[in-house]
Amino acid sequence: MDAYLRRIGAERPRRADHAALRELQERHLLAVPFENLSVHLGEEIVLEEKALLAKVVEGGRGGFCYELGGAFAALLRDVGFTVSLLQARVHDGAGGIGIPYDHLALLVETEAGTAGTVEPGAGGRWLVDVGFGENSRHPLDFDARGDQPDPAGTFRIVETEHGDLDLYRDGKPQYRMETRPRVLEDFRAGARWHSTAPESPFLKSLVCSKLTADGRITLSGSKLVRTGPGGRREEPLADDAAVLAAYRDHFGLRLDRLPPDPRAGRGRAEV
């Protein structure tokens, strides 16, 4: 866990309070990319804590929601937070909703702050998500039902008629959560579907994306995309060597071969 903290550039917090949680979440988003490369490299997705930590910490990789959320939950528990895993189904933007165990989010309970800290006061319950691409940069108050401003937009948690919770960003539904705590093994069927089903969006695209200090950087196949205050900039990469260098230099991923890009028909390059 000390190596995990070093990877995200964080100190072990003195207290498991909201200020510490906010810093850990933001540092994780800035350091560990969301990526689905394993799906295209033929690497097995193993939803066990030891395997996830080996991949994210020892292997210097990222992952998709199950991997990033599972690993981050282990780190948060180690430094003193109470963490529950929540299953969610992603809204598709057209009125539909994804499969059960489509997504993994975290419910994190914090201690009360102390006098003299930045945020003294009572503890709380927070929605934390480090595996949903462009989601909130900071923890969201799980029990609040009004607008919650965040650098990534305005978020709102809304109760549904059957007791689930919908997360909205800038007025658009993102995903629907159950409130019942789950365990990591419960998400295996969802991970298998996303890794193997022809309908899975992860099989149709290749993506590696990470938050930056002023925006986001994404490598999609052989195209590097930067977004920030100046807008969106796209940079096509000339060859396989340039793509491998981009994975290394921008995301810290040292690959010995390229995953095939399903949209461009790129082959794997050995180095």
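Residues numbered from 1 in each chain as written. Predicted model: local features only at pLDDT ≥ 70, side-chain atom pairs only at ≥ 80, totals over all residues. Heavy atoms only, no water.

S.K.: How should I be thinking about the side chain of His 194 in this particular structure?
M.R.: By secondary structure assignment, the location of His 194 is in helix α6 (residues 188-196). Look past the residues within four positions of His 194 in its chain and what remains in contact with it is Val 39, Phe 64, Tyr 66, Asp 102, Ser 200, Pro 201, Phe 202 and Leu 203. (Helix = DSSP H or I, 4+ residues; strand = E, 2+ residues; numbered from the N terminus. Contact = heavy atoms within 4.5 Å.)

S.K.: Please explain the nonpolar core as it appears in this structure.
M.R.: In globular proteins that are soluble, nonpolar side chains generally tend to be buried together. Of all hydrophobic cores here, the largest spans 44 residues; its most connected members are Leu 24, Phe 72, Leu 76, Phe 81 and Leu 106. Among the elements of the structure, α1 (2-8), α2 (18-31), α4 (49-58), α5 (65-78), β2 (82-90), β3 (103-109) and β4 (125-128) are those that each provide at least two residues to this core. If one sorts the elements of this core by residue count, α5 sits on top with nine residues. Those residues in contact with Leu 24 that sit more than four places away from it in its chain are Leu 5, Ile 8, Ala 10, Pro 13, Phe 72, Leu 76, Val 79 and Phe 81. Formed by 16 residues, the second largest nonpolar core is a distinct cluster that contains Cys 208, Leu 237, Phe 251 and Leu 255. (Core = buried A, V, L, I, M, F, W, Y, C linked by side-chain atoms within 4.5 Å. Buried < 20%, exposed > 50% of the residue type's maximum accessible area, 1.4 Å probe, protein only.)

S.K.: Quick question: what am I supposed to make of the pattern of salt bridges here?
M.R.: Enumeration according to the criterion identifies 19 salt bridges in this entry. With a closest N to O distance of 3.1 Å, Arg 12 and Asp 2 form a salt bridge. One end of the pair, Arg 12, is in the loop between α1 and α2; the other, Asp 2, is in helix α1, and ten residues separate them in sequence. Classification of Asp 2 by relative accessible area gives partly exposed; the value is 47%. (Salt bridge = Lys/Arg side-chain N within 4 Å of Asp/Glu carboxyl O.)

S.K.: Honestly, α2 in this entry has me stumped. Any pointers?
M.R.: Owing to its 3.6 residues per turn, the α-helix aligns residues three or four sequence positions apart on the same side. Relative to the 20 Å expected for 14 residues at 1.5 Å per residue, α2 spans 20 Å between its end C-alpha atoms, a close match to the ideal helical length. On its buried face, α2 is in contact with α1, α5, β3, β4 and β10 (208-212). (Expected span 1.5 Å × (residues − 1).)

S.K.: Help me understand the sheet that holds strand β12 (residues 223-228), please; the structure alone is not making it clear to me.
M.R.: Pairing is antiparallel in the open sheet, where five strands are placed in the order β1-β10-β11-β12-β13. Bordering the open sheet on either side are β1 (34-35) and β13 (231-236), each of which pairs with just one other strand. Note: β1 against β10, two bridges, orientation antiparallel. When the bridges of β10 are listed, Glu 35 appears paired with Cys 208. Contacting β10, β11 (215-220) and β12, helix α8 (residues 240-251) runs over the sheet at an angle of about 155° to β11. (Pairing = 2+ DSSP bridges. Axes fitted to C-alpha atoms, helices over the stretch in contact; angles between N-to-C directions.)

S.K.: What am I meant to see in the environment of Leu 68 here?
M.R.: Mapped onto the secondary structure, Leu 68 falls in helix α5. When near neighbours in sequence (up to four residues on either side) are disregarded, Leu 68 contacts His 28, Val 32, Pro 33, Phe 34, Gly 62, Gly 63, Val 130 and Gly 131.

S.K.: What's the story with the packing of aromatic side chains in this structure? I'm lost.
M.R.: Each aromatic ring pair is summarised here by two numbers: the centre-to-centre distance and the angle between the ring planes. Under the counting rule described, the total for this entry stands at six aromatic pairs. On the numbers, 5.4 Å between centres and 85° between planes, the contact of Phe 64 with Tyr 66 is edge-to-face. Arranged with centres 4.9 Å apart and planes meeting at 85°, the rings of Phe 132 and Tyr 175 form a pair that is edge-to-face. With Phe 132 in the loop between β4 and β5 (140-141) and Tyr 175 in strand β9 (residues 172-177), this pair connects stretches of sequence that are 43 residues apart. (Phe/Tyr/Trp six-rings, centres within 6.5 Å; stacked < 30°, edge-to-face > 60°.)

S.K.: Sorry, what's going on with the sheet that holds strand β8 (residues 165-169) here?
M.R.: Adjacent strands of a sheet form backbone hydrogen bonds with each other and so pair up, either parallel or antiparallel. Here eight strands make up an open sheet; going across it, the order is β5-β4-β3-β2-β9-β8-β7-β6 and the pairing antiparallel. Two strands in the sheet have a free side with no partner beyond their single neighbour: β5 and β6 (148-150). Contacts between α5 and the sheet are confined to β2, β3 and β4, with β3 contributing the most and set at about 15° to the helix.

Note that every value here comes from positions in space, so none of it alone points to a role or purpose.
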